[in-house]
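Listed here are the chains, written in short residue letters.
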Amino acid sequence: MKNLIEDEIIEVYKQVSSQVPNFCGCAKCRDDAISLALNHVRPRYATGDPPDGAVLSRIELRSETGQAQLISVVMDAVRHVASRPRHTTPPLGTRAVT
Ligand SMILES: [Zn+2]
């Protein structure tokens, strides 16, 4: 079973994370932001190989509305983590390559 939205969130994260000032971007903050964003969207689970309904869900997620919604959710999550990273010292030089 796969939550289709996870791949989409990660794609959107790659696009928006560099646009948020003061976002650390280390692996820990990235995981925090992605899981936070995942908690705020309705999961789209699919089973099978290829997963049933995967094509339809991807079309839905990649529609203009779907994308705008994802971008805003991921932006909020990244901003939230940027404002309170769960580590005290930003690990310098570990910013993820986007
Ligand atoms: Zn960090």
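Above: the structure in question.
What you see is a predicted model; the values in this text were computed from it and never measured. (Residues numbered from 1 in each chain as written. Predicted model: local features only at pLDDT ≥ 70, side-chain atom pairs only at ≥ 80, totals over all residues.)

Chemist: Tell me about unusual backbone geometry, residues and numbers included.
Modeler: Even without glycine at this site, Asn-22 takes up a positive phi of about 70°. Among the secondary structure elements, Asn-22 is positioned in the loop between helix 1 (4-16) and helix 2 (27-39). With 9 C-beta atoms counted inside 10 Å, the residue Asn-22 sits in the exposed group. (Helix = DSSP H or I, 4+ residues; strand = E, 2+ residues; numbered from the N terminus. Buried ≥ 20, exposed ≤ 12 C-beta atoms within 10 Å, placed from the backbone.)

Chemist: So what's going on with helix 1? Residues and values would help.
Modeler: Residues spaced three or four apart along an α-helix point in a common direction, a consequence of the helix completing one turn every 3.6 residues. With 13 residues, helix 1 should cover 18 Å at 1.5 Å per step; its first-to-last C-alpha distance of 19 Å lies within 8% of that length. Three or more residues of helix 1 are buried, namely Ile-5, Glu-8, Ile-9, Val-12, Tyr-13 and Val-16. Down the axis of helix 1, the buried set is contained in an arc of 145°. They therefore lie on one face. (Expected span 1.5 Å × (residues − 1). Arc of directions from axis to C-beta.)

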